[in-house]
Amino acid sequence: MTKLKPLSAALLLSGCAAMALSMTAHAAGESETLRVPGLHKKAEILVDKWGVPHIYAASQDDAFFVQGFNAARDRLFQIDLWRRRGLGQLSEVFGPAYVAQDQATRLFLYRGDMQREWKSYGKHSEHVATAFVAGINAYVDYVTAHPERLPYEFKQLAYLPARWQAEDVVRIRSHGLTRNLTSEVARANVACKADLKSDEIRSGLTPQWEAIMPQGLDPCLPKDLLKVFGLATQNVKITKESLSTAADDQGATIRIAAAENPEETMEGSNNWVVSPGKSATGRAIMANDPHRAYSAPSLRYITHLSAPGLNVIGAGEPALPGVSIGHNGTIAFGLTIFNIDQEDLYVYELNPDNPDEYKYQGKWERFKVLREAIKVKGGTSTTAELKFTRHGPVIFVEQEKNRAFAVRSGWLEPGMSPYFGSIDYMRAKNFKSFKRAMLNWGAPTENQVYADVKGNIGWVPGGLAPKRPNWDGLLPVPGDGRYEWAGFWTGDQLPSTYNPKQGWFASANQMNLPDDYPYRERKLGFEWTNNSRFSRISEVLASLPKVSLEDSMRLQNDDLAIPARRLGALLKPLTSGDAQTQAALNIFNSWDYVERVDSPQAALYEVWLTRHLGKAFKEAVLSKEAAAAMGAPDVAVMLDTLEQPQARFGADAAKKRDDVLLTSLAGAFAEMVKLQGDDASKWQWGKLHHNLMEHPLAGVVDEATRAKLNVGPLPKHGGAYSPNQSTYRPSDFRQTNGPSFRVVVDVGNWDNSKAVNSPGQSGDPDSPHYRDLADKWLNGEYFPLLYSRKAVEEATVHRIVLEPAGQVK
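Worth saying up front: this structure is predicted, and the values here are computed from it rather than measured.

Q: Which residues make up the overall build of the protein, and what values do they have?
A: On a plain count of helices and strands, the protein comes out with 26 helices and 31 strands. For the protein, whose C-alpha radius of gyration is 27 Å, the value lies close to the compact-globule estimate of 28 Å for 809 residues. Its C-alpha atoms give the protein principal-axis dimensions of about 85 × 70 × 55 Å. Taken across its 809 residues, the protein has 62% of its residues classed as buried. A separation of at least 24 residues holds for 72% of the contacts in the protein among residues at least 6 apart in sequence. Total accessible area on the protein is roughly 30,800 Å²; 50% of this is exposed by carbon and sulfur atoms. Across the protein, 92 positive and 93 negative side-chain charges occur, with their mean positions spaced 3 Å apart.

Written as structure tokens, this is what we have:
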């Protein structure tokens, strides 16, 4: 592995003489006392047996200060990496391999008016962020003065954590989720090589819509167009090679590359609320399980903040103050993605006589250029040249066609710091105030569900929604002034629901605009997630006379695949004279469509769906050029077409459809024989499908340390289209996406609420809470999300007392 120099004692202690912290004891089940500069009054962190910190403070300022201090205590390397990646400061500690990524990320920082920015999140926002980062900085100072408490990763990589500024929390935008830039490029690629009609197989549009080529657009885009955008938005890759300052065999410095196929990452989530009349408890229920990429430590972190006027518990991202999913003792709230299109790619004609100018409204306009120094470990600083048009950052210049490409993104507008707006809605006490807080919600675009102690339930989507008066946002557009955002739709122009008659409401990223919503005028977005998860959730909730907490937990872990059931109905009447094909049919026909870890049918189905059927289907209904221009087809479109083959298969549609089904199924059976042997009864989905929660340093340590840092591989049940979403890479069946955090809230009987966060709450590999929840998560189990002080005290295993300390000069 790469040889790293240890931190020197002088470096560890520099600038830390001002610390006035002391510790009495540090052991599980015991208390420790720390004297912390910046804290106003005594506060406590009670860590329960599942690793959840319950923070008790004398004021809200102190509560957010302690939240920052505690986030750093449990997740310091994670949040330091989050900040460095987001600000474009990786090269400073990792070396020259990261210069390109730093430069790309800086293109997407918020650089607007900070007064407008803070105001966008409510009157408390700057105050909250300032207190939160002061707490982080207090812990950074503490571990710098007490190197024995410095997290392992900093020692391994030989650098110290940075101190924060309040603006760091909100200026960083590239960790967020906006859309649909990558899909615009993919659609243009299909249109270049075939036509827009063919692209409906790649991505079906809902509500009913037909994409139109913008006037003057050449859809044949450069191959590497999205590499800068990919670098700006991807996670940090740390490898032995990237940490070396040496050159490769050709003399070029090693550089971190952009991830391949960024459009393949799907972000999802489920949530639902149940009214008292439909609930087995007689109280409202709120359930939420957001789906994101897996890592060790987990993306999300559960926290409880208690101070006068504030008593909120739930999950957020550890580098942000507040709670975005949970409850405040009066209302419960949970989120999923609501697919508003917040991005556009603009294409510009360059001045052939001056490449520093682009054409806008018939005139040549100069690029705005910013030059920023990037500090580089092991070398001299380099200068990043950042180019912008009036619409946004330039991500590519195509000299062959004299074109430049820039991104207009909601990221660059005030109020778009991902999830930070939760500091406003988490204080709401009724539906009116909750909805008011959501009116200015920017990012990510969300379906927020709501439930309160009076038994009310509701749905409030939110997100910055651009007005596109003369186009639909589905393709890149010329940047010559003909395609401009005309402001934004207001929050109250989005749909909402309050106390629906059916007694429940659910969302799972499906197209959920009401039938009477004026979507043709507002054009919020036309690319929604496959509705199979929602179909299964609604099927279960509607079938239950009363919904219990246990029902909700089971439903979050439900592995029934609606696409498998639909395909099973198509296979039922089919037979084959080929022995292997008939054997495959027999296996499939004996299945209940639940993707268990030991299921032979699930293994066959997934290999068929992702490695055989999709390819066979698109080749049957598309030209060779169109089929080659896209990856996997849209499963929803494929299933609809297979069920109604006359729409795309032409003459003898049913026979052609059946041939595709049988031939591709036979191919999947043959592959399963190669993968797991001739005896199909011994095939198991979990022998292929697995989850590995990988630590950022896994690639640079020895095997024994890697086993300590990583969690897994774990044999995994489920698939991409069941409520317990388990999206995976078809190349190696490794799960890439799904729920790591789940919560079910018993509204009003708060101590009876349940949660789980995998692999654990802590980011410290030596902590008992680093991986202690992984088995619970895998097996669909939960722990009590305790709220009352009495219950918390009874479950406390580690008490941290924080006392104010004056600044020592």
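Further notes follow.
Q: Account for the packing of helix α18 (residues 562-571) against helix α19 (residues 579-589), with residues named and values stated.
A: Where α18 meets α19, the axes come as close as 10 Å, and the angle between the chain directions of the two elements is 130°. Here α18 lies oblique to α19, going by the angle between them. Read as a crossing pair, α18 and α19 show a hand that is left-handed. Contacts between α18 and α19 involve A564, L567, G568 and L571 from the first element and L585, F588 and N589 from the second. Across the contact of α18 with α19, the residue classes break down as five nonpolar, two polar and no charged.

Q: Provide a residue-level description of the nonpolar core, including the pertinent values.
A: Counting residues in each nonpolar core, the largest one holds 172 residues, and the members touching the most others are F94, L345, F434, L524 and L802. The dominant element in this core, judged by the number of residues it contributes, is helix α2 (residues 60-87), at 12 residues. When neighbours within four sequence positions are excluded, F434 is seen to be in contact with I331, F333, Y425, A428, Q448, V449, Y450 and V460. Within the second largest apolar cluster, 53 residues are counted, among which are I201, L560, L567 and F669.

Q: Break down empty space enclosed by the protein for me, citing the residues and quoting the values.
A: Here the structure, examined in full by the defined rule, presents five cavities of 30 Å³ or more. In this model, the largest cavity occupies a volume close to 70 Å³. Forming the walls of the largest cavity are Q67, N70, A71, Y301, T303, G316, E317, P318, L320 and G322. Of all the secondary structure elements, the ones that give two or more residues to the lining of the largest cavity are α2 and β6 (301-307). Of the residues forming the lining of the largest cavity, the biggest block, three residues, is contributed by α2. Taken together, the residues that form the lining of the largest cavity break down as four nonpolar, five polar and one charged.

Q: Account for the environment of P696, naming residues and giving values.
A: Here P696 shows up in the loop between β24 (690-693) and α24 (703-709). Residue P696 is classed as partly exposed on the basis of its relative accessible area of 26%. C-alpha of P696 to C-alpha of V143: the two residues are 553 residues apart in sequence and 21 Å apart in space. Those residues in contact with P696 that sit more than four places away from it in its chain are F77, L81, I238 and A296.

Q: Tell me about the packing of aromatic side chains, residues and numbers included.
A: As enumerated under the stated definition, the model contains 44 aromatic pairs in all. Aromatic pair F229 and W411: ring centres 6.1 Å apart, planes at 25°, arrangement stacked. Placement of F229 in helix α11 (residues 227-233) and of W411 in the loop between β16 (403-409) and α13 (422-425) is noted, with a sequence separation of 182 residues between them. W411 carries the same exposure label as F229, and that label is buried. Members of the aromatic cluster, each reached through a chain of ring pairs, are F333, Y425, F431, F434, W441, Y450 and Y498. For R522, the ring lying beneath its charged end belongs to W489, and the centroid distance is 5.5 Å. The ring of Y56 carries the charged tip of R789 above its face, separated from the ring centre by 3.9 Å.

Q: Any details on the side chain of N557? Residues and values, ideally.
A: In this structure, N557 sits in the loop between α17 (549-556) and α18. Given the relative accessible area of 14%, N557 is considered buried. Engagement of the side chain of N557 in a polar contact is seen with the side chain of R742, the distance being 3.2 Å. Look past the residues within four positions of N557 in its chain and what remains in contact with it is N724, R742, W777, G780 and Y782.

Q: Provide a residue-level description of the state of the cysteines, including the pertinent values.
A: What makes a disulfide is a covalent bond joining the sulfur atoms belonging to two cysteines. Applying the stated criterion across every chain, the model contains one disulfide. With its sulfur 2.1 Å from that of its partner, C192 forms a disulfide with C220. One disulfide, between C192 and C220, carries an S-S torsion of 100° and so falls in the right-handed class. With C192 in helix α9 (residues 181-193) and C220 in the loop between α10 (196-202) and α11, this pair connects stretches of sequence that are 28 residues apart.

Q: Could you give an account of the layout of surface pockets, naming the residues involved and the relevant values?
A: Roughly 530 Å³ of internal volume is contained in the second largest pocket. As for the second largest pocket, its lining consists of 19 residues, of which A100, Q103, V228, L231 and I395 are closest to the centre. When contributions to the lining of the second largest pocket are tallied by element, the ones reaching two or more residues are α4 (99-106), α11, β14 (382-388) and β15 (394-398).

Q: Help me get a handle on the sheet that holds strand β7 (residues 310-316), residues and values and all.
A: Spatial ordering of the open sheet is given by β1-β31-β2-β3-β6-β7-β8-β9-β17-β18-β22, a layout of 11 strands whose pairing is mixed. Strands with a single pairing partner mark the edges of an open sheet, and in this sheet they are β1 (31-37) and β22 (497-498). Strand direction decides the pairing type here: strand β2 (residues 43-48) and strand β3 (residues 53-56), joined by four bridges, are antiparallel. Each residue of the ladder has a partner; that of I45, found in β3, is I55. Helix α14 (residues 431-438) contacts β9 (331-337), β17 (446-452), β18 (457-462) and β22 of the sheet and is inclined by roughly 10° relative to β18.

Q: Talk me through helix α22 (residues 635-643); I want residue IDs and the actual numbers.
A: Residues of α22 that are buried include every one of V635, V637, M638, L639, T641 and L642, and no others. For α22, the capping residue at the N-terminal end is D634, with a side-chain oxygen 2.9 Å from the backbone nitrogen of A636.

Q: Tell me what's going on with α17, and back it up with residues and numbers.
A: Counting buried residues in α17 gives six out of eight residues, a clear majority hidden from the surface. Three or more residues of α17 are buried, namely L549, D551, S552, M553, L555 and Q556. Structurally, α17 contributes buried residues whose contacts are with β4 (268-274), β5 (285-293), α16 (532-543), β28 (741-746) and β29 (754-757). Its side-chain oxygen placed 3.3 Å from the backbone nitrogen of E550, S548 serves as the N-cap of α17.

Q: So, the pairing of strand β27 (residues 735-739): which residues are in play, and what are the values?
A: Of all five residues in β27, four are buried; the element is thus mostly enclosed. Bridging between β5 and β27 involves three bridges; their strand directions are antiparallel. From the neighbouring strand, A293 faces β27, where its bridge partner is N737. Both strand β26 (residues 727-728) and β27 contribute to a ladder of two bridges, which runs antiparallel. Looking across to β27, one finds that T727 is bridged to N737. Once β26 ends, the chain turns through six residues before running back antiparallel as β27, passing F733 with a positive phi of about 65°.

Q: Give me the side chain of E200: which residues, what numbers.
A: Within the element layout of this structure, E200 appears in helix α10. Side chain to side chain, E200 and R648 meet in a polar contact 3.3 Å long. Those residues within four positions of E200 in sequence are excluded, and the remaining contacts are V637 and R648.

Q: So, unusual backbone geometry: which residues are in play, and what are the values?
A: Residue P444 follows A443 across a cis peptide bond; omega there is -15°. Tracing the backbone through its elements, the reader meets P444 in the loop between α14 and β17. Note the cis peptide between G712 and P713, where omega equals 10°. Mapped onto the elements of the fold, P713 is located in strand β25 (residues 711-715). Even without glycine at this site, N402 takes up a positive phi of about 55°. If you trace the backbone, N402 turns up in the loop between β15 and β16. The phi dihedral of N509 falls on the positive side, at around 70°, and the residue is not glycine. Among the residues examined, N509 registers a relative accessible area of 1% and is labelled buried.

The rules behind the values
Residues numbered from 1 in each chain as written. Predicted model: local features only at pLDDT ≥ 70, side-chain atom pairs only at ≥ 80, totals over all residues. Heavy atoms only, no water. Helix = DSSP H or I, 4+ residues; strand = E, 2+ residues; numbered from the N terminus. Rg over C-alpha atoms; globule rule 2.2 N^0.38 Å. Buried < 20%, exposed > 50% of the residue type's maximum accessible area, 1.4 Å probe, protein only. Contact = heavy atoms within 4.5 Å. Areas by Shrake-Rupley, 256 points an atom, 1.4 Å probe, with all protein chains shown as cover. Lys, Arg positive; Asp, Glu negative; His and termini not counted. Charge placed at Lys NZ, Arg CZ, Asp CG, Glu CD. Axes fitted to C-alpha atoms, helices over the stretch in contact; angles between N-to-C directions. Parallel < 35°, antiparallel > 145°, perpendicular 65-115°, else oblique. Left-handed = near helix turned anticlockwise from the far one by under 90°. Nonpolar A, V, L, I, M, F, W, Y, C, P; charged D, E, K, R; others polar. Core = buried A, V, L, I, M, F, W, Y, C linked by side-chain atoms within 4.5 Å. 1 Å grid on protein atoms, 1.4 Å probe; cavity = no way out; pocket = protein on both sides within 12 Å on 5 of 7 lines; lining within 4 Å. Points joined across faces, edges and corners; volume = space filled by probe spheres on them. Phe/Tyr/Trp six-rings, centres within 6.5 Å; stacked < 30°, edge-to-face > 60°. Lys NZ or Arg CZ within 6 Å of the ring centre and 35° of its normal. Polar contact = N/O pair within 3.5 Å; in protein donor to acceptor, adjacent residues only side chain to side chain. Disulfide = S-S within 2.5 Å. Pairing = 2+ DSSP bridges.

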